[in-house]
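Structural description and commentary
Single-letter residue listing:
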Amino acid sequence: MKKTILVFSGLILALVLLFQLSTYSIHSGNLKIEFAVAIIAIVFLVVGIYINKKSLHKQQTATKVINHQKIKDLEITSREYEVLQAISDGLSNKEIADKLFLSESTIKTHVSNLLVKLNAKRRTQALQIAKTYQII
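The text that follows walks through the structure, step by step, so that each part is easy to find. (Residues numbered from 1 in each chain as written. Predicted model: local features only at pLDDT ≥ 70, side-chain atom pairs only at ≥ 80, totals over all residues. Heavy atoms only, no water.)

1. Comments concerning the pattern of salt bridges
- All told, the structure shown has two salt bridges when counted by the stated rule.
- As a salt-bridge pair, R79 and E82 come within 3.4 Å of each other at their nearest N and O atoms. One end of the pair, R79, and the other, E82, are both in helix α4 (residues 78-88), three residues apart, so they sit about a helical turn from each other.
- R79 gets classed as partly exposed once you look at its relative accessible area, which sits at 30%.
- One salt bridge in this structure joins E80 and K117, with 2.7 Å as the shortest N-O distance. Residue E80 is found in helix α4, and its partner K117 is found in helix α6 (residues 104-117); the two are separated by 37 residues along the sequence.
- Given a relative accessible area of 3%, E80 falls into the buried group.
- Since its relative accessible area comes to 26%, K117 is described here as partly exposed. (Salt bridge = Lys/Arg side-chain N within 4 Å of Asp/Glu carboxyl O. Helix = DSSP H or I, 4+ residues; strand = E, 2+ residues; numbered from the N terminus. Buried < 20%, exposed > 50% of the residue type's maximum accessible area, 1.4 Å probe, protein only.)

2. Quick look at the packing of α4 against helix α7 (residues 123-132)
- Contact geometry of α4 with α7 gives a least axis separation of 10 Å together with a crossing angle of 105°. Between α4 and α7, the angle falls in the class roughly perpendicular. Counted together, L84, I87 and S88 of α4 and R123, L127 and A130 of α7 form the full contact between these two elements. (Axes fitted to C-alpha atoms, helices over the stretch in contact; angles between N-to-C directions. Parallel < 35°, antiparallel > 145°, perpendicular 65-115°, else oblique. Contact = heavy atoms within 4.5 Å.)

Encoded structure:
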């Protein structure tokens, strides 16, 4: 986080200096406005390309291995596992019911079974436990 703040602070400082330098050059008559605008546009283009490459094209982390044995040990059914995956996607009971073509009360039953099997009190706690067991 500190590195990001320092990088952006440096970029802002460099751009402010560039603006001040171009203003000075224009007022002194050594540089035309069109050239100053072109230089600033090129700097913004380079900064944009740099930020794009740094932020959007990060290496994807290796996919986590699902512990299927732990799923069997906890006696989680395939339907309950589907519900658990849908919960991890952030879906509500109604959205899960629509997605799996089940009634909302059936989803509530599956969720309560998952909470019991994972020894959790809330959905978020169930997700944390499932992540530590490496089942989602």
